[in-house]
Amino acid sequence: LAVVTNVIPYILALSALPVMMKTANVADGVFTRNMVIGVIAMIYCVYALYASGGSAVMGGMLVYGLTLIIWGFISNRFKTSGATASTL
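Residues numbered from 1 in each chain as written. Predicted model: local features only at pLDDT ≥ 70, side-chain atom pairs only at ≥ 80, totals over all residues. Heavy atoms only, no water.

Draft legend 1. Geometry of the nonpolar core. By size, the foremost hydrophobic cluster in this structure holds seven residues: V4, V7, I8, I11, C45, L49 and Y64. If you list the elements that add at least two residues to this core, you get α1 (2-15) and α3 (28-52). Considering every element that reaches this core, the biggest residue donor is α1, with four residues. Ignoring sequence-local partners within four residues, the contact set of I8 consists of L49, M61 and Y64. (Core = buried A, V, L, I, M, F, W, Y, C linked by side-chain atoms within 4.5 Å. Buried < 20%, exposed > 50% of the residue type's maximum accessible area, 1.4 Å probe, protein only. Helix = DSSP H or I, 4+ residues; strand = E, 2+ residues; numbered from the N terminus. Contact = heavy atoms within 4.5 Å.)

This is the structure:
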């Protein structure tokens, strides 16, 4: 259960890596190196989910779904004033 509840957000965060690197104008060599490492990390994470078994994945997804519902109610507390997509 712990693997699933920690790996799913890690995969989501890791999937944003190419966008962050393109936005930061990272050099091509660094981009390629980080993407190779990121793809290997994602493959391992998918394997870890597979090896966890169906009941652990189901339980982890239920816990993760409940935390997203809670986040929906409290996320308004964390908004910043004046931040727009063009300034990020």
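Don't stop here, the text continues.
Draft legend 2. Up close: α1. Taking 1.5 Å of rise per residue, 14 residues should cover 20 Å, and α1 covers 20 Å from first to last C-alpha, within 8% of that figure. Looking at α1, one finds that the buried residues are V4, V7, I8, I11 and L14. End-on, the buried residues of α1 take up no more than an arc of 135 degrees, which puts them together on one face. In α1, the exposed residues that point more than 90 degrees away from the buried face are A2 and N6. (Expected span 1.5 Å × (residues − 1). Arc of directions from axis to C-beta.)

Draft legend 3. Structural view of the packing of α1 against helix α4 (residues 54-74). Running from N to C, α1 and α4 point in directions that differ by 65 degrees, and their axes come no closer than 8 Å. With respect to their mutual orientation, α1 and α4 come out roughly perpendicular. Seen along the crossing, α1 lies across α4 with a hand that is right-handed. Across from V4, T5, I8, P9 and L12 in α1, the residues of α4 making contact are A56, V57, G60, M61, V63 and Y64. Of the residues contributing to the contact of α1 with α4, the split by class is nine nonpolar, two polar and no charged. (Axes fitted to C-alpha atoms, helices over the stretch in contact; angles between N-to-C directions. Parallel < 35°, antiparallel > 145°, perpendicular 65-115°, else oblique. Left-handed = near helix turned anticlockwise from the far one by under 90°. Nonpolar A, V, L, I, M, F, W, Y, C, P; charged D, E, K, R; others polar.)

Draft legend 4. Examining the environment of L66 more closely. Checked against the element boundaries, L66 lands in helix α4. L66 gets classed as exposed once you look at its relative accessible area, which sits at 54%. When the C-alpha positions of L66 and S52 are compared, they lie 20 Å apart, and in sequence the two are 14 residues distant.

Draft legend 5. Region of interest: the packing of aromatic side chains. Taken as a whole and judged by the stated rule, the model has one aromatic pair. When the centroid spacing of 5.4 Å and the interplanar angle of 15 degrees are considered together, the rings of W71 and F78 count as stacked. Classification of W71 by relative accessible area gives partly exposed; the value is 43%. The exposed category is assigned to F78, whose relative accessible area is 51%. (Phe/Tyr/Trp six-rings, centres within 6.5 Å; stacked < 30°, edge-to-face > 60°.)

Draft legend 6. Molecular detail of the environment of V7. Looking at the element boundaries, V7 is found in helix α1. Given a relative accessible area of 13%, V7 falls into the buried group. For the pair formed by V7 and G60, sequence separation is 53 residues and the distance between their alpha carbons is 9.7 Å. Non-local contacts of V7, meaning those with residues more than four positions away in its chain, are made with C45 and L49.

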